[in-house]
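Here are the chains, one letter per residue:
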Amino acid sequence: MANQGDLISVTGNSSVNEWQPAQVALLAHWPSDILKGGLANNPSKSYFSEPAMTDSRVDPAEINWPSATVEQLIHLLHVPYLRQHALSHLCQKRESCEELAVLLWHSSKGVSILVEEVKSTAWKLFSRSFTITEFTRACQAITLLQCLASQRETKLVFLTTKVTDALHLFLVDMNCEEHTLFLRNASLRVMAALLEADDPAVPHAIDHFLEKNLIALFLRSMEYGDLHSQWTATFIVSKILMHEEGLSYISTEAEPFFKVIRAYAAVVESMGNAPPIHLLDNIIQTYLRMLEVQRARDALQNHLPWKLWTPMFAEAVAHEAETAQKLQLLLCTISQIQWGGVAPSNDFLQALSSRHHMIA
């Protein structure tokens, strides 16, 4: 069987869509239960010819896709006209194959092919010239990239690539068309996956987001995105602010701070009569975290969303004791600062700090 290192290159002068039949001789070596119709018994036949010679191509229907291994499917990412099928079946195996992320990462150019699928669709999306097939392939590629971002073994090395540079293209375009929203939400889920769990890679992810100024795109999604992108972007920004690097981001200059305040206010104001408790708890906890910064203690007197003071929100959290306590603490603290003119004590600030460490 051809080595993965012998397969087509996606760097330099080679494109992921280049066709090199002499380098891709995979299917003829597969077991007969994978290839139907006796194709595996005729290894002399060329199943990977030039694109113009379509009569010698393997019909995707001839392949028993459910029986293909993850390694074989990753190999077939290199075959342009079989890539869509390979992507689809790899996505189906992401729950059953715990090693999928590691196998993808260590494959020859597998991740590069996924990134190329994302980038090519992103540019076509801007000109509204993409096809449904291209959209589907981009969605599947992003799903597989999320596997890499979620796994402890690949999370840190994921950050050393330029994968997020491709994904943030979908965060720049705030168009509200269905396809754009779907790709934006999928990209945000990849970013959120980098911050999930207690993992040594999380601080590196936060540094990466701040260094690339991706937090500005997350804030835009909070302000102008649909409900799903608001939720995911809020989770990301809140996780960032729970770390010292994130808190420093809003405490050094006024502009970043007020962008954060405006974005959180937009999310709160967009909530209806039954705000999602998990999201509301996340927002309240982040406001409490901000109170550790002097600028926030001064500004939140006038910039805390009015909805947080309404009986509607109090009723919404009435059956969630911990969230209700956090909301009461937030409102009482703002009232103390606003009308009492008394700065929070050191004990209070320490209490806030201990609270945020519990959920960071």
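Structure shown above.
All values reported here derive from a predicted model rather than from experimental measurement. Here the residue numbering is sequential within each chain, running from 1 through the sequence in written order. pLDDT decides what is reported in this predicted model: residues at 70 or higher carry local features, side-chain atom pairs at 80 or more are listed and counted, and totals for whole chains, interfaces and linings draw on all residues regardless. Each side-chain value is derived from all of the structure's non-hydrogen atoms; neither hydrogens nor water enter the calculation.

*Asks:* Can you help me understand the environment of K162 in this one?
*Replies:* Put simply, DSSP H or I for four residues or longer makes a helix, DSSP E for two residues or longer makes a strand, and each gets a number counted from the N terminus. Turning to its location among the elements, K162 is positioned in the loop between helix 6 (152-159) and helix 7 (163-167). Accessible area is worked out with a 1.4 Å probe on protein chains only. A residue is then buried under 20% of its type maximum, exposed over 50%, and partly exposed in between. Residue class for K162 comes out exposed when judged on its relative accessible area of 66%.

*Asks:* Can you help me understand the nonpolar core in this one?
*Replies:* In this text, buried Ala, Val, Leu, Ile, Met, Phe, Trp, Tyr and Cys residues form a nonpolar core when linked through side-chain atoms within 4.5 Å. If you look at the biggest cluster of nonpolar residues, it comprises 102 residues, and the most contacted ones within it are F218, Y287 and L308. Here the element with the most residues in this core is helix 5 (residues 132-150); it accounts for 10 residues. Contacts are residue-level and defined by heavy atoms, with any inter-residue pair within 4.5 Å sufficient. Beyond its immediate sequence surroundings of up to four residues, Y287 is in contact with I261, Y264, A265, L300, L304, P305, L308 and L330.

*Asks:* What is the right way to look at the pattern of salt bridges in this model?
*Replies:* Pairs can form between side chains of opposite charge once their charged atoms are near each other. Criterion for a salt bridge: a side-chain nitrogen of Lys or Arg within 4 Å of a carboxyl oxygen of Asp or Glu. Counting across every chain of the model gives 11 salt bridges. Taking the shortest distance from any N to any O, the salt bridge between E117 and R83 comes out at 2.9 Å. On the criterion of sequence distance, the pair formed by E117 in helix 4 (residues 110-126) and R83 in helix 2 (residues 83-92) is long-range, its members being 34 residues apart. Across the pair, exposure class does not vary: E117 and R83 are buried alike. The shortest N-O distance in the salt bridge between E322 and K326 comes to 3.7 Å. Taken together, the residues E322 and K326, both in helix 18 (residues 321-340) and four residues apart, mark about one turn of the helix. Residues joined in a network through salt bridges with shared partners are R83, E117 and R137.

*Asks:* It is not clear to me how the side chain of H208 should be interpreted in this structure. Could you clarify?
*Replies:* Inspection of the secondary structure assignment puts H208 in helix 10 (residues 201-211). Polar side-chain contacts of H208 include one of 2.7 Å to the side chain of T164. In protein, a polar contact means a hydrogen-donor-capable atom and an acceptor-capable atom, both N or O and within 3.5 Å, with residues adjacent in sequence counting only if both atoms are side-chain atoms; elsewhere, any N or O pair within 3.5 Å suffices.

*Asks:* Please explain the packing of aromatic side chains as it appears in this structure.
*Replies:* Two aromatic rings are characterised by how far apart their centres lie and by the angle between their planes. Classification of ring pairs rests on two measures: the distance between centres of Phe, Tyr or Trp rings, Trp counted by its six-membered ring, which must be within 6.5 Å, and the angle between planes, read as stacked under 30 degrees, edge-to-face over 60 and tilted in between. Applying the stated criterion across every chain, the model contains five aromatic pairs. Put simply, the rings of F130, F135 and F182 touch in pairs and so form one group of aromatic residues.

*Asks:* Explain the state of the cysteines here, please?
*Replies:* Any covalent bond linking the sulfur atoms of two cysteines counts as a disulfide. Put simply, a disulfide is two cysteine sulfurs that come within 2.5 Å. The full count for this structure, using the stated rule, is zero disulfides. Considering cysteine sulfurs only, C147 is the nearest to C91, which forms no disulfide, with 7.3 Å between them. C97 takes part in no disulfide bond, and the closest cysteine sulfur to it belongs to C147, at a distance of 9.4 Å.

The quantities given are spatial measurements derived from coordinates; they are silent on function.
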